[in-house]
Amino acid sequence: TGLVLTLNYYKKDDWPNFFKKRFAGSGWPYLLWNFILMVFALIVGTPGFSLNNFASTYYSAIIHGDQFYMYYILVTLQLYLLFPFLVWLFKKFTGHHGWILGISFAVQLLLMFGIKYGLPHVDRSNWIWWLRAYGVNVFTYQFYFIFGAFTSLHYQAMVAFIKKHAKAIGTVTLALGLGTVAYYFWNRDMLGLSHSSAVSPHQPYMLFYDTMMIIFVFGVGKIYDRWRKKHVGSWFDLFVKNGAKVSFGIYLDQTIGLTLLTYLLKFTHFPDWAYVALIPVCYALVLGVSFGIAWFCYKVAPFGILIGRPQIHLFKKKGDKAYDQ
């Protein structure tokens, strides 16, 4: 997100239009999907949802972003507010972008240590919710947004670095990935953490793992880019291109596919190894259902607004630059 925003808006300096476009593009899907999925939860009888508490639950979900994996959208909306400052920071210290990134990483690492080892022993009952619920606080993810902005501004240098150290990046990422398994059991057995705390991304180890995985996936993307130039129009090229068009929608509607999977699994009685073997099949099922819903919204008006790609633009006329974009 930090990379894409910087790529598109770093040189424009038109913040009124930035806020208008970005808040509309993410805000409407955020409001609508919370409502749709809450109605869906009522229909399927999800515990905790009822007509009596619908209004209050919906309001709480909008304010807190704590339903249906929507926390990311709430964090992104906060980023939009801070993005002009992020641009100012990089422009102000033009020759010191490496320092900005390094300081950001150090701050992130301190945050992860504080969240994991400090916060559980602090009474936060009197803190405002935004500070207590660090998972939806934009500053909890500040390094990743700054890393994205840095990558956008130093794109060729990043590509050259990844290409030069591709084997080392792949090896370290694989080792850190396997290490998460041992890290989980260390959290559970040695530190006595709950499952949710043991798998939390807000841990020092996960900062290194996540950073390396992001770099690794970026490198895989560059490999695909080279392959695509020789296979434009192939089925796989079209598959990726169409998936990219509705990827935001897939994220937004994934709860429906996950709920369907949960329902289907209730009718199965397989041994543990079979469930492990079925993970790719289940993943494909959820992705397929989510893609189908998002693709429908993309193709059929006026449902495009649900995935941030509205077919009907209110208050705009054809021929306007904003409309055409």
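A quick note: this is a predicted structure, and the numbers were derived from the prediction, not measured.

Bringing the overall build of the protein into the picture now. Looking only at helices and strands, the protein has 16 helices and zero strands in total. Whereas a compact globule of 325 residues would reach a radius of gyration of roughly 20 Å, the protein reaches 22 Å, a difference of no more than 12%. For the protein, the spread of C-alpha atoms along the principal axes amounts to about 60 × 55 × 50 Å. Of all 325 residues assigned to the protein, the portion counted as buried reaches 34%. Excluding contacts between residues fewer than 6 apart, the proportion of contacts in the protein whose partners are at least 24 apart in sequence is 70%. Of the roughly 19,900 Å² of accessible surface on the protein, a fraction of 70% belongs to carbon and sulfur atoms. Looking at charge distribution, the protein has the averaged site of its 28 positive side-chain charges lying 9 Å from that of its 12 negative ones.

By secondary structure assignment, the location of T140 is in the loop between α6 (129-132) and α7 (142-153). Residue contacts for T140: discarding those within four places in its chain leaves Q108, M112, I115, Y134 and H202.

At the junction of A301 and P302, the peptide bond is cis and its omega measures out at 5° in the coordinates. Tracing the sequence through the fold places P302 in the loop between α15 (279-299) and α16 (321-324). We note that D13 has phi near 55°; this positive angle belongs to a residue other than glycine. Within the secondary structure, D13 is located in the loop between α1 (2-9) and α2 (15-44). Even without being a glycine, Y69 presents a positive backbone phi close to 60°. Tracing the backbone through its elements, the reader meets Y69 in the loop between α3 (54-64) and α4 (71-92).

On to the nonpolar core. A general feature of soluble globular proteins is that nonpolar side chains tend to end up buried together. With 59 residues, the main nonpolar core has L5, F18, Y30, W33, M70, F83 and F90 as its most contacted residues. When residues of this core are assigned to their parent elements, the largest contribution, 11 residues, is made by α4. Setting aside chain neighbours within four positions, we find M70 in contact with Y30, W33, N34, L37, G65, Y251 and L252.

The next point concerns helix α8 (residues 155-164). Here α8 has its buried residues at M158, V159 and I162. Relative to the axis of α8, the buried residues are bounded by an arc of 100° and lie together on one face. Opposite the buried face of α8, by more than 90 degrees, sit the exposed residues Q156, A157 and K164. If you follow the buried residues of α8, they end up packed against α7, α9 (166-190) and α11 (204-230).

For D237, the position within the fold is in helix α12 (residues 235-245). With relative accessibility at 1%, the residue D237 sits in the buried group. If sequence neighbours within four positions are ignored, D237 has contacts with Y224, R228, H231 and V232.

In the structure shown here, the tally under the stated rule is 34 aromatic pairs. Taking the centre distance of 5.5 Å and the plane angle of 25° together, the rings of F18 and F83 count as stacked. Here F83 lies in helix α4 and F18 lies in helix α2, a separation of 65 residues in the sequence. Pair check on accessibility: F18 and F83 agree, each one buried. For the ring pair W130 and F139, a centre distance of 6.0 Å and an interplane angle of 75° mean the geometry is edge-to-face. A residue is classified by how much of its surface remains accessible, and W130, at 31% relative accessible area, is partly exposed. Of the residues examined, F139 reaches a relative accessible area of 46% and is grouped as partly exposed. An aromatic cluster of three or more residues is present, and its members are Y9, W15, F18, F19, F23, Y80 and F83. We note K91 situated over the ring of Y10; from NZ or CZ to the ring centre the distance is 5.2 Å.

The next point concerns the environment of H231. Within the element layout of this structure, H231 appears in the loop between α11 and α12. Among the residues examined, H231 registers a relative accessible area of 32% and is labelled partly exposed. Put simply, H231 and Q67 are 164 residues apart on the chain and 41 Å apart in space, counted from C-alpha to C-alpha. Engagement of the side chain of H231 in a polar contact is seen with the backbone oxygen of W227, the distance being 2.8 Å.

A grouping of V122, W127, I128, W130, L131 and F139 is seen on the molecular surface, where their side chains present a nonpolar patch of about 540 Å² in accessible area. Its location among the elements puts W127 in the loop between α5 (97-118) and α6. Classification of W127 by relative accessible area gives partly exposed; the value is 32%.

About the criteria used
Residues numbered from 1 in each chain as written. Predicted model: local features only at pLDDT ≥ 70, side-chain atom pairs only at ≥ 80, totals over all residues. Heavy atoms only, no water. Helix = DSSP H or I, 4+ residues; strand = E, 2+ residues; numbered from the N terminus. Rg over C-alpha atoms; globule rule 2.2 N^0.38 Å. Buried < 20%, exposed > 50% of the residue type's maximum accessible area, 1.4 Å probe, protein only. Contact = heavy atoms within 4.5 Å. Areas by Shrake-Rupley, 256 points an atom, 1.4 Å probe, with all protein chains shown as cover. Lys, Arg positive; Asp, Glu negative; His and termini not counted. Charge placed at Lys NZ, Arg CZ, Asp CG, Glu CD. Core = buried A, V, L, I, M, F, W, Y, C linked by side-chain atoms within 4.5 Å. Arc of directions from axis to C-beta. Phe/Tyr/Trp six-rings, centres within 6.5 Å; stacked < 30°, edge-to-face > 60°. Lys NZ or Arg CZ within 6 Å of the ring centre and 35° of its normal. Polar contact = N/O pair within 3.5 Å; in protein donor to acceptor, adjacent residues only side chain to side chain. Patch = residues over 30% accessible without salt bridge, like charges linked within 9 Å, V, L, I, M, F, W, Y side chains within 5 Å. Salt bridge = Lys/Arg side-chain N within 4 Å of Asp/Glu carboxyl O.

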